[in-house]
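# Structural characterization, general
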Amino acid sequence: WFPNYSNNPGYVSKDIRKKINELTENFDIIVNSGYYQNGEKYIVELEVETQDYWSYVKKEISKNFGKYIKLEEIEIDETYLGRVVTPDKLGFGIFIDIGLRGIKGNRDALLPLYNIRAFVEDENISNREFVKRYGLVDGLPIQVRVNKLEKKDNLKIEVGLGQEYIDMIDDWKKDGRERLIITKTFKKEIINSLKNNNLIKYIDEIVSMDPLTSVIICDKKTRASGLLSKIGSDLKNKPIGIFNPK
């Protein structure tokens, strides 16, 4: 389950296979052809020499790309890779698409505001402030843990932030550098914009969270908002957030 967000499916497929090759390079696995069946279902053929480590490999692929989930498969306390859905839409939390399919009506999980406040240890922070400070944007991949599940009447799925995301944010805070988070965009497009605007010298690194999500790490003297003002026109209509929770 990896939405291509209307990007060229062939190019996205190439990057997915490259990432799967990296994930499986220590195993006897051959990554063959892959293709999109629709805008979010990606099918890839893998040749496996032994089944001994197959469950681990499947888990790693799902951890990095997500997976389709049926309602009966959702478990309390289980962690899933979700994707943020229009984070500034609500005042009481953030919708997270965890890959649930095959049902009618709303299928997104809710990351409620009280869970967000507990995470940031600020009982007064608003949903909008959290989204702005932590750079949450539409399509951002994020690990979440299911806390509550109500199937009667209207389906309700409540999630909290997964430990992997919490650890990453803690590391970013300790590091102290500002970051630009860009989703639904190829890394090469971001690099081209930085080069065209002569901004490469102001960044320390560009990290890929997945084939369509990149994090620009600014050097300690550079403000992410300054970079955004320069590359925003090149990456028009692309979701971009700024991580600066100071």
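What you see is a predicted model, and the numbers here were worked out from it, not measured in a lab. (Residues numbered from 1 in each chain as written. Predicted model: local features only at pLDDT ≥ 70, side-chain atom pairs only at ≥ 80, totals over all residues. Heavy atoms only, no water.)

Time to look at the packing of aromatic side chains. Aromatic rings in a pair are described by how distant their centres are and how their planes are angled relative to each other. Applying the stated rule across the entire model yields 11 aromatic pairs. Ring geometry for Phe-2 versus Phe-65: centroids 5.6 Å apart, planes at 75°, classification edge-to-face. Note that Phe-2 is positioned in the segment before helix H1 (9-23) and Phe-65 in helix H2 (residues 54-65), a separation of 63 residues in sequence. Under the relative-accessibility criterion, Phe-2 is labelled buried at 3%. Overall, Phe-65 belongs to the buried group, its relative accessible area being 4%. A ring pair is formed by Phe-27 and Tyr-53, whose centres lie 4.8 Å apart and whose planes are at 45°; its orientation type is tilted. Linking Phe-27 in the loop between H1 and strand S1 (29-36) with Tyr-53 in the loop between strand S2 (42-48) and H2, this pair joins segments that are 26 residues apart in sequence. By the ring-pair criterion, three or more aromatic residues cluster together here, those being Phe-119, Phe-130, Tyr-134, Tyr-165, Trp-172 and Phe-243. (Phe/Tyr/Trp six-rings, centres within 6.5 Å; stacked < 30°, edge-to-face > 60°. Helix = DSSP H or I, 4+ residues; strand = E, 2+ residues; numbered from the N terminus. Buried < 20%, exposed > 50% of the residue type's maximum accessible area, 1.4 Å probe, protein only.)

Each full turn of the α-helix corresponds to 3.6 residues, which orients residues three or four apart in the same direction. Taken as a whole, helix H4 (residues 127-134) has its buried residues at Asn-127, Phe-130, Val-131 and Tyr-134. With its buried residues spanning 95° around the axis, H4 presents them on a single face. Those residues of H4 that are exposed and angled more than 90 degrees off the buried face are Arg-128 and Lys-132. The inward-facing, buried residues of H4 abut strand S4 (93-97), helix H3 (113-120), helix H5 (163-175), strand S8 (179-182) and strand S11 (240-243). (Arc of directions from axis to C-beta. Contact = heavy atoms within 4.5 Å.)

Okay, the nonpolar core next. Ile-94, Ile-96, Ile-98, Phe-119, Phe-130, Tyr-134 and Leu-136 are the most contacted members of the largest nonpolar core, which totals 35 residues. Leaving out residues up to four positions away in the same chain, Ile-98 has contacts with Trp-1, Lys-67, Ile-69, Ile-74, Tyr-80, Leu-81, Gly-82, Ala-109 and Val-144. Core analysis: the second largest hydrophobic core is formed by 15 residues, Ile-16, Leu-46, Val-57 and Phe-186 among them. (Core = buried A, V, L, I, M, F, W, Y, C linked by side-chain atoms within 4.5 Å.)

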